[in-house]
Structures are given as structure tokens and as C-alpha cells.
Amino acid sequence: AKGAQVLLAPTINLHRSPKCGRNFECYSEDPLLSGRLAAAFVRGVQSRGVATTPKHFVANDSEFERNTNDSQVDVRTLRELYLLPFEHAVKDGDAWGIMSAYNRLNGTFCSEHEWLLTTVLRDEWGFDGFIVTDWFAARSTAAMANAGLSLEMPGEGRFYGGALKESVQSGTVSEAALDRIVRDVLRTMERTGALDGDGDFTEGTLDRPEDRAVIRAAAAAGSVLLRNDGILPLDPATLSKIAVIGPNALNAKVMGGGSAKVNAYRATSPLEALTERLPEAEVVWEKGSDIDRTTPALARPLVDGRVTTEFFNGHEIAGEPDYTTERAELDVMAFGAPAPGISPDAFAVRATCAVVPSVTGTHDFRLIQGGRARVLVDGEVVLDATEGEYERGSAFFGMGSVEIPAVVELEAGRPVEVVVEFTNRDAVLLAGFKLGLLSLVEEDLLG
């Protein structure tokens, strides 16, 4: 549906710690189960002419300090646990690609690990596809090329490209290594039909009733009730009032975030589902706690309705927008073109919504930007980050700014118009913004 030729999946690292932020992408803590599932997934995707890249090769089982940490693993443990899912994906699934990990393995970065990428993957397992770095995981030219790394991502090469040409000319990378890189890339293009020149790679939609039925059945069948003290099942006829507590009850959280996030066609929150299922009962909600590392983008219940998002070609917001859409949250993020018909090289965005505060008092708008933005409340500029230098933060894969605050006084129940004007000027690869709102008034989150 997305018109993609390569899928950056499946993630088949093992569940080793509940604190690993990408566990939701992985299959399990069991290497055999993970490998069997991976092989089947790979065969299914590639049967449609789309390459897969099982990831992250290997022992990338922690997100904390993932760009610098060193996974120390003895050979037997490595073979029996961490390598096994990838071995299945290659031998049983015939994967056309592999993604190397950010971390070091026993002292050597995985993208530069010749024993891992050539001795094990290619020579022992017979892998004949391409090996791609994780995004911004490249750290060298000669070491990666000589180890067997095929492709640096994202965007134009910093360590490959011109640097690779110079390394071949200087003799630090052999012509044979360069030939292998070229063969890997051309073979992938041939397998996916990219060399045919007649493919339609524009993004479309795929929202079919039969798919929704399968997804619902799979979700229900995959749910496990750990304990029942006799309370369940509840009798709807006997319920008069239900308290739903928790920040994720109001806005549906149907997946994890980061690079694995996709925009669902629809999502029903627990609060919505219970309210619809129990029309005779009073269903009340309280937030309960704050769980976010950074201030979440403005959305319900603070946003009344939808966010009107207008896109303009060029860095100026002027005239009629070139594309307009409605969104649930006050944020935009794009690696390339942010919307149909919009140039990724130079674009601007105007996002408008009505915000209804829940308490009276001091509030803090918090902006994260990958580019340049300003925030207006009822037509008045309350935050202008279009000039100046801002420190990078952890959001937007490390390419966004730290949170930029603006203190305002708001009144409970009184709507205000909030507008974000954004341009991708000064953005580095990823362009976008996120605007959140935090009440500085002490509240009882349990009601």
C-alpha cells in the first residue's frame, strides 16, 4: 500500500529486559519461536516482491545508550540465543536484506564487524543479499566496506559516496569490496523490480473489511488473561458506574512509537469502547499519572475537534495551501515529502486547532522542532523559535530540539485558538514539530 520496495522489518532481537523500549516490535524471548516467525514473515513479504531486512544484527537488546554500548557475549550464547533468529530468517526465509545494529559486539561496532557480516552471515549461512546500517549507525568508511556492509542510511552517504570513492582510490578499500557492494545493491534492485522502470511506487490505502476482521481475531486470540479471581466476566446489566483510570485510556495506544509507528486507519480507545458497550452505565475517566518522557503532542481532550494542517511549497506561508488535511494531534514529522504534492526540499506548515484547558492558571506550551517554528495563541505570538540556536534533544531520533517552553495563563473551559507556523529551514534530514501543553497547576490526577 505504501509503494515501498524494501521493508525495514522484522525486528527479531530478543526480549531480555522489560525496560527495552522496542520490545513491542520483537516477537519474544524465545530464539526458536522468534526465528520461525521471522522466516514465515520474510517469505510472505518477499512473495510480493518486497525485500525485508531482519534487524538489528545483533545483540541490540537495549535502547539505553544504544549508539555506544558494547554487548559482551560468549560464542556459545551468541550462537544459541542471539544469532539463532537471524539464522532462521536467512536459511529458512531466504531474507534479501539484513540491518546491522547500532551497538558494539565484543568491542567492535556491528556495522564494522567482519566476523559477523562476512564469516557468519555470508560464508556460513550463505546470505547473498544486502546489509544496511540502522539509521545514522555508520561510523567509518574502510572498516564498514571491508567488513561487508552494503548500504549506509539514511540519505546521501557521509561515509560511503564520495568518501568511499576516495578510499578505493587510496587503496584502503579494495576494488573487490566495492564490486561486492555494487552487486548487493543491484541484486536487490533486480529482486524488487526496481530495474524494470515500470513500477508504481506511489503510496495508496489498503483498508479492507476482511483485513480488519483478521486483525481483530488475531488481537483477541493473542490476548492472555493471567488471573481471574471470579470477578470476570462482568454482567453489563448490573453495572451502574465504571471508573476508567490511566493516561492511555482516553487516547488509544495501539502500538509503540519511534520508527515502527504507523498511522492506523482507525483506533478505538478503552474509554470509547466501554462507553459504547455500556450505554446504561456512567463511565468516568481520570488521568491517574503522567508517564511521558517529553510532553505529548496536543490532542484530545484538550483539543476540541481536529487539527487543521495546511502544507505549502516553499518556506513561506502565503496564499492558498497546496495540501490540507485533518489530524488528531498537533505534530508533523517527515523524512521526505510531508504530504502529497509537497517538496521535501522546502516546505512550510500551518497547523490550527481549538484548545480547551481543563484548569485555570499557569500553563506551559512546549515546542520541539526539527526546522523553525513559532506558536500563536488567539493571534498573539507566545513562542518564536525561528531564529537562534537550540540544543538537540532525544526526540525525533536525536534530530529535534530540546523542549522550548512558553508560559501562558489559561482559563478552564475557555477555548483558545492555537496555531503553529513551521518551515523546514535548518532541518537536518528529519523535519517536523511537536507542540504540547502542560498545566503547572497542581492537580489530583486520580480525581
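These numbers were taken from a predicted model, which means no experiment stands behind them. (Residues numbered from 1 in each chain as written. Predicted model: local features only at pLDDT ≥ 70, side-chain atom pairs only at ≥ 80, totals over all residues. Heavy atoms only, no water.)

1. Overview of the overall build of the chain
(1) Moving on: Across its full length, the chain carries nine helices and 19 strands.
(2) Moving on: Taking 22 Å as the expected radius of gyration for a compact globule of 447 residues, we find that the chain reaches 25 Å, a close match to that expectation.
(3) Moving on: Principal axes of the C-alpha set define a box for the chain whose edges measure 70 × 60 × 45 Å.
(4) Moving on: Considering the chain as a whole, with its 447 residues, one finds that 40% of them fall into the buried category.
(5) Moving on: Residue pairs at least 24 apart in sequence account for 73% of intrachain contacts in the chain once pairs closer than 6 positions are excluded. (Helix = DSSP H or I, 4+ residues; strand = E, 2+ residues; numbered from the N terminus. Rg over C-alpha atoms; globule rule 2.2 N^0.38 Å. Buried < 20%, exposed > 50% of the residue type's maximum accessible area, 1.4 Å probe, protein only. Contact = heavy atoms within 4.5 Å.)

2. Considering unusual backbone geometry
(1) Moving on: Omega for the peptide link from K55 to H56 comes to 0°, which places this bond in the cis form.
(2) Moving on: For H56, the location among the structural elements is in the loop between β2 (51-52) and β3 (70-71).
(3) Moving on: Note that the residue after R300, namely P301, is joined by a cis bond; omega there is 0°.
(4) Moving on: Mapped onto the fold, P301 is located in the loop between β9 (282-286) and β10 (303-313).
(5) Moving on: The phi dihedral of A59 is positive, around 60°, even though this residue is not glycine.
(6) Moving on: Here A59 lies in the loop between β2 and β3.

3. A look at the nonpolar core
(1) Moving on: Ranked by internal contacts, the top residues of the largest apolar core, which has 35 residues, are F57, V58, L83, L105, L116, L121 and W125.
(2) Moving on: Ignoring any residue separated from it by four or fewer positions in sequence, one finds L105 in contact with V58, A59, D70, S71, V73, L78, C110, H113 and L116. (Core = buried A, V, L, I, M, F, W, Y, C linked by side-chain atoms within 4.5 Å.)

4. Some details on a nonpolar patch on the surface
(1) Moving on: On the surface, M333, F335, F397, V428 and L429 cluster together into a nonpolar patch covering about 430 Å² of accessible area.
(2) Moving on: Tracing the backbone through its elements, the reader meets F397 in the loop between β16 (380-384) and β17 (404-410). (Patch = residues over 30% accessible without salt bridge, like charges linked within 9 Å, V, L, I, M, F, W, Y side chains within 5 Å. Areas by Shrake-Rupley, 256 points an atom, 1.4 Å probe, with all protein chains shown as cover. Salt bridge = Lys/Arg side-chain N within 4 Å of Asp/Glu carboxyl O.)

5. Thoughts on the pattern of salt bridges
(1) Moving on: Following the criterion strictly, the structure yields 25 salt bridges and no others.
(2) Moving on: The partner of E87 in a salt bridge is K91, with the nearest N and O atoms 2.8 Å apart. Placement of both E87 and K91 in helix α3 (residues 84-91) is noted, with a separation of four residues, approximately one turn of the helix.
(3) Moving on: We classify K91 as partly exposed; its relative accessible area is 46%.
(4) Moving on: Of the charged contacts in the structure, one is a salt bridge between E403 and R366, with a shortest N-O distance of 3.6 Å. Of this pair, E403 sits in the loop between β16 and β17 while R366 sits in strand β14 (residues 361-370), and the two are 37 residues apart along the sequence.
(5) Moving on: For R366, a relative accessible area of 22% gives the class partly exposed.
(6) Moving on: Among the charged side chains, a network of salt bridges with common partners joins R122, R180, D184 and R187.

6. Looking at the packing of helix α1 (residues 31-46) against α3
(1) Moving on: Their axes nearest at 7 Å, the elements α1 and α3 cross at an angle of 30°. Classed by the angle they form, the pair α1 and α3 counts as roughly parallel. Note on packing geometry: the crossing formed by α1 with α3 is right-handed. Contacts between α1 and α3 involve P31, L32, S34, G35, R36, A38, A39 and V42 on the former and, on the latter, L84, P85, H88 and A89.
(2) Moving on: Among the residues making up the contact of α1 with α3, the classes are represented as eight nonpolar, three polar and one charged. (Axes fitted to C-alpha atoms, helices over the stretch in contact; angles between N-to-C directions. Parallel < 35°, antiparallel > 145°, perpendicular 65-115°, else oblique. Left-handed = near helix turned anticlockwise from the far one by under 90°. Nonpolar A, V, L, I, M, F, W, Y, C, P; charged D, E, K, R; others polar.)

7. Considerations on the sheet that holds β3
(1) Moving on: The three strands are arranged β3-β5-β6 in an open sheet whose pairing can be described as mixed. Of all strands in the sheet, those with a lone pairing partner are β3 and β6 (108-109), marking the two edges.
(2) Moving on: Looking at chain direction, strand β5 (residues 104-105) and β6 are connected through two bridges and run antiparallel. The partner of R104 across the bridge, within β6, is F109. (Pairing = 2+ DSSP bridges.)

8. Considering the sheet that holds β16
(1) Moving on: The strand order across the open sheet formed by six strands is β11-β10-β13-β18-β15-β16, and the pairing between neighbours is antiparallel. A single partner strand is all that each edge strand has here, and the edge strands are β11 (323-327) and β16. Within the sheet, the average angular offset between the axes of one strand and its neighbour, ignoring direction, is 20°.

9. Considerations on helix α7 (residues 175-192)
(1) Moving on: In this model, α7 (18 residues) spans 26 Å end to end at C-alpha, consistent with the 26 Å of a helix rising 1.5 Å per residue.
(2) Moving on: For α7, the full list of buried residues reads A177, R180, I181, D184, T188 and T192. Summarising the axial view, the buried residues of α7 lie within an arc of 100°, below the 170-degree limit, and thus occupy one face. Those residues of α7 that are exposed and angled more than 90 degrees off the buried face are E175, A176 and E190.
(3) Moving on: Looking at the buried side of α7, the elements it contacts are β2, α4 (114-124), β7 (130-132), α5 (142-147) and α6 (162-170).
(4) Moving on: Taken from the residues just after α7, G193 is the one with a positive phi, measuring 80°. (Expected span 1.5 Å × (residues − 1). Arc of directions from axis to C-beta.)

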